[in-house]
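Geometric and topological summary
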Amino acid sequence: MSQPPRHFLDFWKLEGSDLRAILEDAKARKAARLGWPRGRPDADRAAEGRTLAMIFEKNSTRTRFSFDAAMRQLGGDVIISNAADMQLGRGEPIEDTARVLSRMVDAVMIRANRHEDVERLALSSTIPVINGLSDKGHPCQILADLLTFEEHRGPVAGKTIAWVGDGNNVCASFIQAAPKLGFKLRIAAPAVYYPDLAELARAAELQGDVVTTHDPREAVAGADCVVTDTWVSMGDTDHDERLEALEPFQVDEALMEEAKRDAVFLHCLPAHRGEEVTDAVIDGPQSLIWDEAENRLHAQKSILAWCFGAI
Ligand code: CP
Ligand code: NVA
């Protein structure tokens, strides 16, 4: 019997030990190629002879380029398509898409409007499926964020991460990661844009130290890391209501003062300066956003290597 494919869909389905192994592999791979030309493959060519298909239902800069660069550095190849250009965009069942791609490539990354479509794709695939962002989560992003944090501040276990703003898909992946990797998560969000209660309940079942509040200062007090994200995610239609409800949750210098003196600032990007974060914070000395963006590449190489059984 062949092994079931190693999907990377959300953190609930993954062991903390797998997440730790992916993070350590990413650190080692990044260190091993320091100063190399970006197009030169890693010495072990962990994806040699393999092809990754990428399907995009939504826009992307970082995810698209980092997965493409990642496969090149792993010695593999990619095929990229916007869903609208595929028969998927004309209503072909995602299960049939899964069966076809399973005969042609070695893994699929999908950025989807609906998380259930990511799950359906995985259920009918005989190859690994990677969630490159859905309405319910962005797990690749969180591994890049934790890699960035650990590079600058050491092991995340026992540390406090404060999420301020919309309780969105990126926030949901932080909620899932907290019990798996043992960090404390403090979330400040307005009642209307609160994080998913089912995700919070599941984190609590796993003894996750996740606390929610409506007060950004309370969430940030003593934190090692402050994170935010856009107030209007792709697919959100209530732009004006969001800006109004989230305005008290802007991350500015006064709020950063409430965190630890050496706290770092993260943002998955794209950012809206003057909305969820001020210029002074995102472009200031505590901000790690460019390392964070680069680390999408390094983290994803290790996610791919894990999916291919090389970790
Ligand atoms: N952070 C992130 O996923 O960026 P993109 O939307 O540009 O891929
Ligand atoms: N929450 C944002 C993240 C973008 C990378 C969105 O879903 O649009």
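Please read all numbers here as calculations on a predicted model, not as lab measurements.

Next up on the list: the sheet that holds strand β8 (residues 225-228). What the 5 strands build is an open sheet, ordered β7-β6-β5-β8-β9; its pairing is parallel. The strands lining the two open edges of the sheet, one partner per strand, are β7 (210-213) and β9 (264-267). Going across the sheet, the axis of each strand differs from the next one's by a mean of 20 degrees, ignoring polarity. Pairing geometry for strand β5 (residues 160-164) and β8, over 3 bridges, is parallel. What sits directly across from A162, in β8, is V226.

On to the pairing of β9, then. Residues of β9 alternate between two faces, with V264 and L266 on one and F265 and H267 on the opposite face, all of them buried. With 4 bridges joining them, β8 and β9 adopt parallel strand pairing. Residue pairing for β9: V227 is matched across the bridge by L266.

This part takes up the site of ligand 2. Surrounding ligand 2, one finds L133, N168, N169, V170, D229, T230, S233, M234 and L269. Measuring from a nitrogen atom of ligand 2, one finds a side-chain N or O atom of D229 at 2.7 Å. Look at ligand 2: alone it shows 270 Å² of surface, and the protein chains cover 94% of it. For the shell around ligand 2, the residue count by class is 4 nonpolar, 4 polar and 1 charged.

Criteria and cut-off values
- Residues numbered from 1 in each chain as written.
- Chains lettered and ligands numbered in written order.
- Predicted model: local features only at pLDDT ≥ 70, side-chain atom pairs only at ≥ 80, totals over all residues.
- Heavy atoms only, no water.
- Pairing = 2+ DSSP bridges.
- Helix = DSSP H or I, 4+ residues; strand = E, 2+ residues; numbered from the N terminus.
- Axes fitted to C-alpha atoms, helices over the stretch in contact; angles between N-to-C directions.
- Buried < 20%, exposed > 50% of the residue type's maximum accessible area, 1.4 Å probe, protein only.
- Near = heavy atom within 4 Å.
- Polar contact = N/O pair within 3.5 Å; in protein donor to acceptor, adjacent residues only side chain to side chain.
- Areas by Shrake-Rupley, 256 points an atom, 1.4 Å probe, with all protein chains shown as cover.
- Nonpolar A, V, L, I, M, F, W, Y, C, P; charged D, E, K, R; others polar.

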